[in-house]
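What follows is the residue order along each chain.
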Amino acid sequence: MNKLCSKPRYKNDIRAPGKFQLQQIFNSFAYQVMALLLSDLLALALAWRFAEHWNKLYSPVPPQLAWWEWLGLPSLFWLFAACTFLLFAYRGLYSFSTQQKNYILSGQLVSVVYLMSLVLCYFYDPKLDPPRSLFFTAWFSSIFLVIGLRLVTTLILRQFDRYHPPVSVFLIANGDRLPILGKVLQRRSQYIVVGAALACTANATTTIEKIKASQAREVLVENLPPTELASTLYWQLRRLGITMRLIPSSLEMLHRRGVPEVFAGLPTLLLEFPLISGWDYRFKRLLDIFGALLGLIILSPIFIASAIAIKLSSPGSIFFCQERMGLHGKVFQVWKFRTMVANAVTLQQTLEQNNEVNDGVMFKIKNDPRITFVGRFLRRTSIDELPQLVNVLLGQMSLVGPRPLPLRDVERFATWHHIRHQVLPGITGLWQVSGRSNINDFADAVRLDLYYIDNWSFNLDLDILVDTVRIVLFGKGAY
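The structure displayed is predicted, hence computed values, not measured ones.

Some words on the pairing of strand E5 (residues 218–222)
In step 1: Extensive coverage of E5 is indicated by the burial of 5 of its 5 residues.
In step 2: Bridge count for strand E3 (residues 167–173) against E5 is 4 bridges, and the pairing is parallel. In the sheet register, Val169 faces E5, and the bridge partner there is Glu218.
In step 3: Where E5 lies against strand E6 (residues 243–247), 5 bridges are found, and the strand directions are parallel. Considered in E6, the bridge of Glu218 is made with Thr243.

Next comes the structure, spelled out in structure tokens:
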């Protein structure tokens, strides 16, 4: 064991790069980068065309700024576009990680380009007065279109994930967790486990050799042992061109919010309150209100058709109303379209023995006999959840957040499960878009809820909404 856990020897500096395998990266991800580039180019071009058409009669582009034209767009546009692409690439918006889905950052960087253009324009010619209406129209429409088209492009790209070859994953964890993690990955067709090692041997030379021999593309690590240089494994995998995924604890998630700072000669992480805070949450509530209102208006024909279908297909009320646990343990009434027979609550007691959830906290049966023919369609398309838009307008729920559960489920909670009640519940959430039907242990669902709380941002809500639309359209995991 001492030999296995010994520190490896290096011929070069641990930070020295290894061989760069461009071909593998190009084959796997080039189309995603090209799609995002084209999406951004189209968004900027549409914004510019809109601004140019809107302002051409009374505020055209000054001749001093129109040096040449290409594809019907002036030189000034291409300079804007080039600067935007370079800044996006520098901040990782064309990378292969989840950073490419940072929609809010893309809007912020577009603003940076436009604001910097004002400074450059002044130094270019202090007497030059660029048309304000053209500038602001192009600026705000660029932000709106870049974010909007990136959301749509991401939605489309994720549909092609199923056609990718499975990602080979090497597991490193404690002995009792290795089989659990292996089963979790086996339930996802896009991953294949190619090897495993104990956490205590993470930094051993033999483990690195096993990872190389397995030809793993990613290494999933849990409970990385604390050492003098905890990042040893990271540096070794980086040299090999292998991605490392670390399953963090809530404390480690808190660490990433800190700013490294030496305090009284001690290395610390500074977590102080921002001078201006709360804007992300205010935007979230605005999105809830306007999204719910717009949804109720646009989807009203679906509401009417669903109500008629439910009424004609089986006896009972159109809506199903149930008490759920909300923010800080406050009980409220959740509204859904009825998808089961009228006496479904009574029948559940006779079906408890068939519950497929391992710990019994939630109640879930894949082929639930209580579901009606129309109800099965409503569940598969998630139409049954739409009346909860009313709960959102009442402030009882949000569009995105941990799902509010029935009181029957809450009674079976462990103490730490109640942490999810510290935030407003939502119509959709992180564990709904992470394989709803594949989660058979409520503790795994709660861990996703805690991850959502720890890492919450307005951008994360947008990302979950995009995934929700994808799942609703293709009916993945809904039962």
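Describing the confidence of the model for the protein
The predicted structure's coordinates, where accompanied by low pLDDT, should not be read in detail.
In step 1: Confidence in the prediction for the protein averages 80 pLDDT; 78% of positions are at 70 or higher.
In step 2: pLDDT under 50 marks residues 1–10. Its contacts with residues more than four places away, or in other chains, come to 15 contacts.
In step 3: Note that pLDDT drops below 50 for residues 22–27; the model gives that stretch 4 contacts with residues more than four away or on any other chain.

Details of the nonpolar core
In step 1: Core analysis: the largest hydrophobic core is formed by 34 residues, its most contacted members being Trp48, Phe77, Phe88 and Tyr114.
In step 2: Among the elements of the structure, helix H1 (22–55), helix H2 (75–90), helix H3 (103–124), helix H4 (132–158) and helix H16 (458–474) are those that each provide at least two residues to this core.
In step 3: Per-element tally for this core: the top contributor is H4, with 8 residues.
In step 4: In this structure Tyr114 touches Phe80, Phe135, Ala138, Trp139 and Ser142, once residues within four positions along its chain are discounted.
In step 5: Val334, Met397, Leu430 and Leu460 belong to the second-largest nonpolar core, a separate cluster that totals 15 residues.

Things to note about the sheet that holds strand E4 (residues 191–198)
In step 1: Ordered in space as E4-E3-E5-E6, the 4 strands form an open sheet in which the pairing is parallel. Only two strands of the sheet have a single neighbouring strand rather than two, namely E4 and E6. Put simply, the sheet's adjacent strands are angled 25° from each other on average, direction ignored.
In step 2: Pairing between E3 and E4: 7 bridges, direction parallel. From the neighbouring strand, Phe170 faces E4, where its bridge partner is Gly195.
In step 3: Lying over the sheet, helix H5 (residues 178–186) contacts E3, E4, E5 and E6, oriented at roughly 160° with respect to E3.
In step 4: Packing against the sheet, helix H6 (residues 205–214) makes contact with E3, E4 and E5, and its axis sits at approximately 165° to E3.

Some thoughts on the packing of aromatic side chains
In step 1: Using the criterion set out here, one finds 10 aromatic pairs in the structure.
In step 2: Aromatic pair Trp48 and Phe80: ring centres 6.2 Å apart, planes at 45°, arrangement tilted. Placement of Trp48 in helix H1 and of Phe80 in helix H2 is noted, with a sequence separation of 32 residues between them. One exposure class covers both Trp48 and Phe80, and it is buried.
In step 3: With centroids separated by 6.1 Å and ring planes inclined at 45°, the aromatic side chains of Phe283 and Phe458 adopt a geometry described as tilted. Placement of Phe283 in helix H9 (residues 279–298) and of Phe458 in helix H16 is noted, with a sequence separation of 175 residues between them.
In step 4: Members of the aromatic cluster, joined through ring pairs, are Phe303, Phe319, Trp335 and Phe337.

With respect to the side chain of Asp463
In step 1: Along the polypeptide, Asp463 turns up in helix H16.
In step 2: Judged by its relative accessible area of 14%, Asp463 is buried.
In step 3: Sequence-distant contacts of Asp463, defined by excluding residues within four places in its chain, comprise Lys101, Tyr103 and Arg158.

Here we look at the side chain of Ser39
In step 1: Mapped onto the elements of the fold, Ser39 is located in helix H1.
In step 2: At 3.1 Å, the side chain of Ser39 forms a polar contact with the side chain of Thr153.

Considering the pattern of salt bridges
In step 1: A full pass over the atoms with the stated rule returns 12 salt bridges.
In step 2: Arg285 serves as the salt-bridge partner of Asp288, at 2.5 Å between the closest nitrogen and oxygen. Of the two residues, Asp288 and Arg285 both sit in helix H9, 3 residues apart, roughly one turn of that helix.
In step 3: Between Glu385 and Arg403 there is a salt bridge whose closest N-O contact spans 3.3 Å. Here Glu385, found in the loop between helix H12 (373–380) and helix H13 (388–393), pairs with Arg403, found in the loop between strand E11 (398–400) and helix H14 (407–410); they are 18 residues apart in sequence, far enough to count as distant.
In step 4: A residue is classified by how much of its surface remains accessible, and Glu385, at 18% relative accessible area, is buried.
In step 5: Judged by its relative accessible area of 8%, Arg403 is buried.
In step 6: What you see here is one network of salt bridges that share partners, running through Lys336, Asp384, Glu385 and Arg403.

Examining the environment of Thr201
In step 1: Checked against the element boundaries, Thr201 lands in the loop between E4 and H6.
In step 2: Exposure remark for Thr201: the relative accessible area of 8% places this residue in the buried category.
In step 3: Along the chain, Thr201 and Ile172 lie 29 residues apart, while their C-alpha atoms are 8.5 Å from each other.

Cut-offs and rules
Residues numbered from 1 in each chain as written. Predicted model: local features only at pLDDT ≥ 70, side-chain atom pairs only at ≥ 80, totals over all residues. Heavy atoms only, no water. Buried < 20%, exposed > 50% of the residue type's maximum accessible area, 1.4 Å probe, protein only. Helix = DSSP H or I, 4+ residues; strand = E, 2+ residues; numbered from the N terminus. Pairing = 2+ DSSP bridges. pLDDT = per-residue confidence, 0-100. Contact = heavy atoms within 4.5 Å. Core = buried A, V, L, I, M, F, W, Y, C linked by side-chain atoms within 4.5 Å. Axes fitted to C-alpha atoms, helices over the stretch in contact; angles between N-to-C directions. Phe/Tyr/Trp six-rings, centres within 6.5 Å; stacked < 30°, edge-to-face > 60°. Polar contact = N/O pair within 3.5 Å; in protein donor to acceptor, adjacent residues only side chain to side chain. Salt bridge = Lys/Arg side-chain N within 4 Å of Asp/Glu carboxyl O.

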